[in-house]
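Structural features, examined
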Amino acid sequence: MSDPYLQINNLKTHFPVEKGILFRKVTGTVKAVDGVSLSLAKGEVLGLVGESGCGKSTLGRTVLQLIKPTEGTVTLGSRTLTDLDGKELRSARADFQMIFQDPYASLNPRMTVYSMLAEAIQVHRKVPKADLAGAVGALMEKVGLAARFMRKYPHEFSGGQRQRIAIARALAVEPKLIIADEPVSALDVSIQAQILNLLSDLTREMELTMIFISHDLSVVKHISDRIAVMYLGRIVEIGPATEVFEHPQHPYTKALCSAVPMPDPDSERTRKRILLPGDPPSPLNPPSGCTFHPRCPHAEERCQAAWPSFESLKNDAHQAACVRLAELNQ
Amino acid sequence: MPLLDVNDLTTYFHTRNGVVRAVDGVSFQLEKGETLGIVGESGSGKSVTCMSMLGLIPQPPGRIERGTAHFDGTDLLHCTRKELQSIRGRRVAMIFQDPMTSLNPYLRIEDQLIEPLLIHGLADKVSAKKQALAMLDAVGIQDAASRIRGYPHEFSGGMRQRVMIAMALITKPDVLIADEPTTALDVTVQAQILELIKKEQQELGTAVILITHDLGVVSGFCDRINVMYGGKIVESGPTKEIFYNPQHPYNRALQNSIPALQAKGKELYTIPGMPPDMSKPSAGCSFAPRCEHATDLCTSEPPELQDIGQAHTTACLRVQRENLKP
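Residues numbered from 1 in each chain as written. Chains lettered and ligands numbered in written order. Predicted model: local features only at pLDDT ≥ 70, side-chain atom pairs only at ≥ 80, totals over all residues. Heavy atoms only, no water.

For chain A, the helix and strand inventory stands at 11 helices and 12 strands. With respect to the principal axes defined by its C-alpha atoms, chain A has extents near 70 × 60 × 45 Å. The buried share of chain A, reckoned over its 330 residues, is 53%. By sequence separation, contacts in chain A at least 24 residues apart represent 62% of the contacts at least 6 residues apart. (Helix = DSSP H or I, 4+ residues; strand = E, 2+ residues; numbered from the N terminus. Buried < 20%, exposed > 50% of the residue type's maximum accessible area, 1.4 Å probe, protein only. Contact = heavy atoms within 4.5 Å.)

The following block contains the structure:
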């Protein structure tokens, strides 16, 4: 890969679990993100998939320094974000922005679209007041909203339009990195397509680097260059999008892919489904070794011993963390 | 004679902002043991259709304006409260989307499970408890004997949905209505739950109505599918017909807009505009403002479902007059 633009190194985010009211004692730690290393080239879109509670959102927030990591570093361009504090971090934030899942909750209901976007623009750019309306209008057109709606309030817009406003707000500071946390999960299918098209157009036009977080594999496959699969705070498989989706190697990814219902009656009735037993375990008390072993249909005794390292079979860009990788993918 | 025969069901909500035509003349049949899927986007009227049949619509503001829903000889929409109560929960059961909020947090699982049996007088307390235990075991809850004494908060989302299914099926109903039963769950758990419903359905011979917005879920699960838009069924037919021979422009557009069916990186087809405002009546087809094939006829004349062969019906005037080819 060419020079990585975003580099995440052994990132860990642990949350202490406390008990008691007066004398709070730490009784355990939730290892939401537990040793994630990733690197993204400039302009690359990485899809991050996993079930609820696997730490994908926490990872996104930690990368953006919305949550301080327990360990590890995040480097964006030439700056190490994990070393920045207060003022420096504030000014660095122009380079990275987030788009949230719920466009009903992430927009201030008391602000018009104009005031929301104008505020965002002014944070990082000196725009004369007279030109502000023009800048807001241009931003709205960019995300497919008519500029004449700028005096309206969020409640006057539909879910899809609100998500466009949220995207416009993120783009107002001309960021280089976008983390989109389930941006289409709250939308209807026909609206999802609009937002997905918009996001892939924008990333191409503005050369945005993006981490696209979603639990929906087919959405992620569509928009990403590479896919990383997370399970219980760790990445278990990473590789080129189509390859991971069509030829998954890790047993968990295999089960995940086979569980996604396909809108095709013939293949849906004939294909074999790998049913995983039980629910994902709690990150408070993760199983030893490979955390997937209690649900894995191929688990052996050695799976309980240590967390497996990444290995690749044919393609070096496609890696999975499973001790039985070679024998299971013959 | 079909097990359930819904005819011209129409439910309006009379709100301060006008009359919302949530369900507007819906007719369909359900045969014994069959699986019917109802798909549509939010606000298309799929849940209200089923809630209307079971008398679960708050009235006011809702009102069932007209129509009938004959279940085994009884019109569910016009029978007495007592008659409805003897059918609801016993012969027609329902499971809801959110297993987190549909169980009573104050009651033990056991008490909630035996309630349908006790209310309908199907068993005494001792044998009801036995049945509850067997049912909980059947839906795949390990260590059922001790778990049955637990409270809902001790169960995970997937486990709660299993409890809901056990509760709905304990009376061995003829019809199970599942309203987005897996939407709140992870995909691997969704696969477990769908598999479970299928297994129980085969054992008990229950007919299932599955309401969902996910075309992927219905494709493998249902025998027939109704596609709803703007409070009406716009297309109905056997699953394969709906997927491999879609006729109505809305159904076609919907399938073109899901990433799963499209080549990677390809621009997704998008349906222009927004879902219809149900409080404003439209003279013609409710999809016409968003339809790329709409003509003057479409905005003036309301379409009716018409058979186009292979048990496939569609409500598009242009398809019916054979001047629109997919």
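So, next bit.
What follows covers the side chain of His293 of chain A. Residue and element names in this part refer to chain A. Tracing the chain through its elements places His293 in the loop between helix 10 (265-270) and strand 11 (311-312). Relative accessible area serves as the criterion here: at 13%, His293 is assigned to the buried category. When near neighbours in sequence (up to four residues on either side) are disregarded, His293 contacts Pro287, Ser288, Ala299, Cys303 and Gln304.

What follows deals with the nonpolar core. By size, the foremost hydrophobic cluster in this structure holds 67 residues, and its most contacted members are Ile167 and Phe212 of chain A. Among the nonpolar cores identified, the runner-up in size contains 59 residues, and Ile114, Leu169, Val227 and Cys291 of chain B belong to it. (Core = buried A, V, L, I, M, F, W, Y, C linked by side-chain atoms within 4.5 Å.)

So, about the pairing of strand 8 (residues 207-212) of chain B. Residue and element names in this part refer to chain B. Of all six residues that make up strand 8, six are buried, and the element is covered over most of its length. Covered by surrounding structure in strand 8 are Ala207, Ile209 and Ile211 together with Val208, Leu210 and Thr212, the residues of both alternating faces. Here five bridges tie strand 3 (residues 35-39) to strand 8, and the two strands are oriented parallel to one another. Directly across from Gly37, in strand 8, lies its bridge partner Leu210. Where strand 7 (residues 175-179) and strand 8 come together, five bridges link them in parallel fashion. (Pairing = 2+ DSSP bridges.)

Residue and element names in this part refer to chain B. Assigned domains within chain B: domain 1 (29-54 + 83-228) and domain 2 (244-320). In this structure, domain 1 and domain 2 have C-alpha centres spaced 32 Å apart. Taken together, the contact pairs five residues of domain 1 with seven residues of domain 2. Interface area for domain 1 against domain 2, summed over the two sides, is near 550 Å², with a carbon-plus-sulfur share of 68%. (Domains from an automatic or database assignment. Buried area = accessible area lost by both parts, 1.4 Å probe.)

Another aspect to go through is the sheet that holds strand 11 of chain A. In any sheet, the strands associate via hydrogen bonds between backbone groups, in a parallel or an antiparallel arrangement. Residue and element names in this part refer to chain A. The mixed open sheet is built from eight strands, whose spatial order is 6-7-8-3-9-10-12-11. Every interior strand has two partners, whereas the edge strands, strand 6 (96-99) and strand 11, have only one. As defined by bridge partners, strand 3 (residues 45-49) adjoins strand 8 (residues 209-214) across five bridges and the pair is classed as parallel. Paired with Val49 across the strands is Ser214, a residue of strand 8. Relative to the sheet, helix 1 (residues 56-63) contacts strand 3, strand 6, strand 7 (177-181), strand 8 and strand 9 (226-231), its axis offset from that of strand 7 by approximately 155 degrees. (Axes fitted to C-alpha atoms, helices over the stretch in contact; angles between N-to-C directions.)

So, about the pattern of salt bridges. This structure, assessed with the given rule, holds 25 salt bridges over all chains. Put simply, Arg226 of chain A and Glu44 of chain A hold a salt bridge, and the shortest N to O gap is 2.5 Å. Remark: Glu44 of chain A occurs in the loop between strand 2 (25-41) and strand 3 and Arg226 of chain A occurs in strand 9; sequence separation between them is 182 residues. We note that Arg226 of chain A, like Glu44 of chain A, is buried. Glu65 of chain B is the salt-bridge partner of Arg63 of chain B, the closest N and O atoms lying 3.6 Å from each other. Because the salt bridges share partners, they merge into one network encompassing Glu300, Arg302, Arg324 and Glu327 of chain A. (Salt bridge = Lys/Arg side-chain N within 4 Å of Asp/Glu carboxyl O.)

Right, let's get into the interface of chain B and chain A. Opposite the 45 residues of chain B that make contact, chain A presents 39 residues. At the boundary of chain B with chain A, total buried surface from both sides reaches about 3600 Å², with 56% on carbon and sulfur atoms. Here chain B and chain A share one salt bridge between them. Residue Asp266 of chain A pairs with Lys240 of chain B through a salt bridge whose shortest N-O separation is 2.9 Å.

The subject of this paragraph is helix 1 (residues 46-53) of chain B. Residue and element names in this part refer to chain B. Helix 1 sits mainly inside the fold: six of its eight residues count as buried. Residues of helix 1 that are buried: Lys46, Val48, Thr49, Cys50, Ser52 and Met53. Backbone geometry just downstream of helix 1 places Gly55 in the positive-phi region, at approximately 65 degrees.

Right, let's talk about the environment of Thr13 of chain A for a bit. Residues and elements named next belong to chain A. Positionally, Thr13 belongs in strand 1 (residues 4-19). Accessibility expressed as a relative area gives 0% for Thr13, which makes it buried. It is 9.1 Å that separates the C-alpha atoms of Thr13 and Gly55, two residues lying 42 residues apart in sequence. Those residues in contact with Thr13, other than ones at most four positions away along the chain, are Val30, Lys31, Ala32, Val33, Thr58, Thr62, Ile67, Lys68, Pro69 and Thr70. A polar contact of 3.0 Å, which involves the side chain of Thr13, links it to the side chain of Thr62. (Polar contact = N/O pair within 3.5 Å; in protein donor to acceptor, adjacent residues only side chain to side chain.)

Residues and elements named next belong to chain B. For the peptide bond that leads from Gln59 to Pro60, omega is -15 degrees, which places it in the cis range. Along the chain, Pro60 connects to Pro61 via a cis peptide bond; the corresponding omega equals 5 degrees. Inspection of the secondary structure assignment puts Pro61 in the loop between helix 1 and strand 4 (62-71). Phi at Asp8 takes a positive value of approximately 50 degrees, unusual for a residue other than glycine. Note on placement: Asp8 falls in strand 1 (residues 4-15). A relative accessible area of 29% means that Asp8 is categorised as partly exposed.

To continue, consider the environment of Pro259 of chain B. Mapped onto the elements, Pro259 of chain B comes out in the loop between helix 10 (249-256) and helix 11 (296-300). Owing to a relative accessible area of 3%, Pro259 of chain B belongs among the buried residues under this scheme. Discounting residues that sit within four places of it in the chain, Pro259 of chain B has contacts with Leu196, Ser218, Val219 and His222 of chain A together with Leu268 of chain B.

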